[in-house]
Amino acid sequence: MSPAVSPGRSQPWLAAGRASPRLVLGVVFVALLLDNILLTVLVPILPTFLYTTEYEGAKISASPTLPEPTPAAPRAPPFSSVLSYFDNATVPVRGFSSAAGPPNGTGSGPPGHPPSSPPGQPPRAPPAPARSCLEGGEFLAQENTRVGLLFASKALVQLLVNPWVGLLTNRIGYHIPMFLGFTIMFLSTVMFAFSGTYTLLLIARALQGVGSSFSSVAGLGLLASVYPDDSERGSAMGIALGGLALGVLIGAPFGSLMYEFVGKASPFLVLAFLALLDGALQLCILQPSRISPESTKATPLSTLLRDPYILVAAGALCFSNMGVAMLEPTLPIWMLQTMCSPQWQLGMAFLPASISYLIGTNLFGILANRMGRWLCSMIGMAVVGISLLCVPLATNIYGLIGPNAGLGFAIGMVDSSMMPIMAHLVDLRHTSAYGTVYAIADVAFCMGFAVGPSTGGAIVRALGFPWLMVIVGALNVAYAPFCWLLRSPPAAEEKMAILGQEFAMKPKSYTPKEAQREFPLREESDDGEAENLE
């Protein structure tokens, strides 16, 4: 008898677990985490990968006789000539032109060294040329544009797909689109691991944009429907954006370390395995085979796009994230050209921004509701602009810590304030269906990541990296006062009547209790089956 009763008892427990908003928050957190690890893991890999495969490969095939003069070094009988060869070598890291050093070595300095010193160590003690900058400055300048286009391809595709995903979630709910996002992201990750050309990497990046669109729009809409209370929703959005921040935090350092010490495919294979675990989690909790449309008819997309307050919030998301979007393709190449940085530093440069973004999203997810989300966003955009203006002043990786930390913290302030404002504006001025408005929010986010890298590379090539930072920094400072318009947005007339009559006792919640009880994780069929079994 006990084996027959246990399934009936375990099913209500599983149903209660699936109906828990915290488990939904955990699923969205993991989905955003993996998506943004994949977003940033390519940032330090791509410039050096293209340099190694294209520039050096073309150089080796074009000049196969360059390595032949190198045996001349052992033929030099006097020890002083060997010293002058190494001391005067000012060649790139790869060492193809190292034979050009001996003509300059006249032996003026090294003959003074005593012959009793060990033959190999004195010249290698101060090997500053080992950190010298990469050659091929013209190739690196062109690479700014190509890397920027590849990074922007994800956001461009996401920009086109987001509105359709928002309409789809209004019709079939959030569960199936989220699982589709996992499937597409898994395929994109595997393709990244085994792509060896720029074209294949571009296709994989665009495919990632489709998966990101499904995951982000459906995930944020699901959170907004599960947390109808405005203050709880703000805290939940802050935690979910913490997953985004943690992904950005892990991605770039993880990619640079794995690429240098293990290989190009290794970080993507690890992410593919983690994506499989995310898919299993979604199958257990969300049950993506169910179709559960929104209980209320959604406001048309065209109506939301004509709302000036939604446009102001979307503009704040776009311009604040455009700064870091421009940094991703251009900062590693600028570091290679001016700081002569090794590969592992290209990803570590983004570490302060990622840590501070993680702190900012979690801190201001709670504080922004108390101090005013409009004020939090306005201050954040001003700090974004000031931080970007300070980036070109750095002369080494340590000089980037302060500007990047300020940039990440300020973007965390803006994101953790604007995401709840989007749902609040829909509750206040339209119908409480969130798929479409979060499609607009993700479009704004992606527009920053599409326009930023694609135009950033061209601006760097025409004006230089410092002027790029000046332009985007001034743009953020100039836009910051517009956040004041979100201080007290007016409600629609019919919403004012509803808020005055039905929600006088609960002013911070704008979703009816009936709609709250029917959020997409209900388990009526499971409960019915459990009663039949009993």
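The paragraphs below set out a description of the structure included in this document. (Residues numbered from 1 in each chain as written. Predicted model: local features only at pLDDT ≥ 70, side-chain atom pairs only at ≥ 80, totals over all residues. Heavy atoms only, no water.)

### What to know about the overall build of the chain
Here comes step 1: The helix and strand inventory of the chain stands at 22 helices and 0 strands.
Here comes step 2: Restricting to contacts in the chain with at least 6 residues of sequence separation, those with at least 24 account for 87%.
Here comes step 3: As displayed, the chain offers around 22,800 Å² of accessible surface, 68% of which is attributable to carbon and sulfur atoms. (Helix = DSSP H or I, 4+ residues; strand = E, 2+ residues; numbered from the N terminus. Contact = heavy atoms within 4.5 Å. Areas by Shrake-Rupley, 256 points an atom, 1.4 Å probe, with all protein chains shown as cover.)

### Examining the packing of aromatic side chains
Here comes step 1: In this structure the tally under the stated criterion is 6 aromatic pairs.
Here comes step 2: Ring geometry for Trp334 and Phe465: centres 4.6 Å apart, planes at 20°, overall stacked. You can see Trp334 sitting in helix H13 (residues 308-338) and its partner Phe465 sitting in helix H19 (residues 465-479), a full 131 residues away along the chain.
Here comes step 3: According to the relative accessible area criterion, Phe465 is buried, its value standing at 3%.
Here comes step 4: When the centroid spacing of 5.5 Å and the interplanar angle of 75° are considered together, the rings of Phe364 and Phe409 count as edge-to-face. In this pair, Phe364 sits in helix H15 (residues 351-371) while Phe409 sits in helix H17 (residues 401-429), placing the two residues 45 residues apart along the sequence.
Here comes step 5: A residue is classified by how much of its surface remains accessible, and Phe364, at 8% relative accessible area, is buried.
Here comes step 6: Take Phe409: its relative accessible area is 28%, and that puts it in the partly exposed class. (Phe/Tyr/Trp six-rings, centres within 6.5 Å; stacked < 30°, edge-to-face > 60°. Buried < 20%, exposed > 50% of the residue type's maximum accessible area, 1.4 Å probe, protein only.)

### So, the pattern of salt bridges
Here comes step 1: In this structure the tally under the stated criterion is 2 salt bridges.
Here comes step 2: The partner of Asp307 in a salt bridge is Arg429, and the shortest N-O contact between them spans 2.8 Å. Taken together, the residues Asp307 in the loop between helix H12 (301-305) and H13 and Arg429 in helix H17 connect sequence positions 122 residues apart. This pair shows no difference in class: Asp307 is buried, exactly as Arg429 is. (Salt bridge = Lys/Arg side-chain N within 4 Å of Asp/Glu carboxyl O.)

### Some points on the packing of H13 against helix H16 (residues 373-390)
Here comes step 1: Contact pair H13 / H16: the axes reach a minimum separation of 10 Å and the direction vectors enclose 20°. In terms of their interaxial angle, H13 and H16 are classed as roughly parallel. Here H13 runs over H16; the crossing is left-handed. For the pair formed by H13 and H16, the contact residues are Ala316, Phe319, Ser320, Gly323 and Leu327 on the first element and Met381, Val384 and Leu388 on the second. (Axes fitted to C-alpha atoms, helices over the stretch in contact; angles between N-to-C directions. Parallel < 35°, antiparallel > 145°, perpendicular 65-115°, else oblique. Left-handed = near helix turned anticlockwise from the far one by under 90°.)

### Structural notes on the nonpolar core
Here comes step 1: Counting residues in each nonpolar core, the largest one holds 112 residues, and the members touching the most others are Leu327, Leu331, Met418, Met422 and Tyr438.
Here comes step 2: Here this core takes 18 residues from H13, the largest share from any one element. (Core = buried A, V, L, I, M, F, W, Y, C linked by side-chain atoms within 4.5 Å.)

### Considerations on the side chain of Ser416
Here comes step 1: Along the chain, Ser416 falls in helix H17.
Here comes step 2: In this structure Ser416 comes out as buried when scored by relative accessible area, which is 1%.
Here comes step 3: At 2.7 Å, the side chain of Ser416 and the backbone oxygen of Gly412 are in polar contact.
Here comes step 4: With sequence-adjacent residues up to four places away left out, Ser416 is seen in contact with Leu241, Gly360, Thr361, Phe364 and Gly365. (Polar contact = N/O pair within 3.5 Å; in protein donor to acceptor, adjacent residues only side chain to side chain.)

### Looking at the packing of helix H8 (residues 175-194) against helix H9 (residues 198-226)
Here comes step 1: The interhelical angle for the contact between H8 and H9, taken along N-to-C directions, is 155°, at an axis separation of 8 Å. As summarised for this structure, H8 and H9 are arranged roughly antiparallel, according to the angle between their axes. Every pair of crossing elements has a handedness; the one defined by H8 and H9 is left-handed.
Here comes step 2: Partitioning the contact of H8 with H9 into residue classes produces 18 nonpolar, 7 polar and 1 charged. (Nonpolar A, V, L, I, M, F, W, Y, C, P; charged D, E, K, R; others polar.)

### A word on the environment of Phe465
Here comes step 1: Spatially, the C-alpha atoms of Phe465 and Met326 are 10.0 Å apart, while their sequence positions differ by 139 residues.
Here comes step 2: Dropping the residues within four chain positions of it, Phe465 is found in contact with Leu327, Thr330, Leu331, Trp334, Val391 and Val460.

### Overview of H17
Count 3.6 residues to each turn of an α-helix, and residues three or four apart come out pointing the same way.
Here comes step 1: An ideal rise of 1.5 Å per residue puts 42 Å on 29 residues; H17 measures up with 42 Å between its terminal C-alpha atoms.
Here comes step 2: Across the 29 residues that make up H17, a large majority, 25, are buried. (Expected span 1.5 Å × (residues − 1).)

### Topic: a nonpolar patch on the surface
Here comes step 1: Residues Ile355, Ile359, Leu363, Leu367, Met371 and Ile379 make up a contiguous nonpolar surface patch of about 460 Å² in total accessible area.
Here comes step 2: Tallying contributions element by element places H15 first for the nonpolar patch, with 5 residues.
Here comes step 3: Counting through the fold element by element, Met371 comes out in helix H15.
Here comes step 4: Accessibility expressed as a relative area gives 34% for Met371, which makes it partly exposed. (Patch = residues over 30% accessible without salt bridge, like charges linked within 9 Å, V, L, I, M, F, W, Y side chains within 5 Å.)

### Things to note about the environment of Asp415
Here comes step 1: By secondary structure assignment, the location of Asp415 is in helix H17.
Here comes step 2: Separated by 50 residues in sequence, Asp415 and Gly365 place their C-alpha atoms 9.0 Å apart.
Here comes step 3: Not counting residues up to four positions away in its chain, the partners in contact with Asp415 are Leu241, Leu317, Ser320, Asn321, Tyr357, Pro420 and Phe445.

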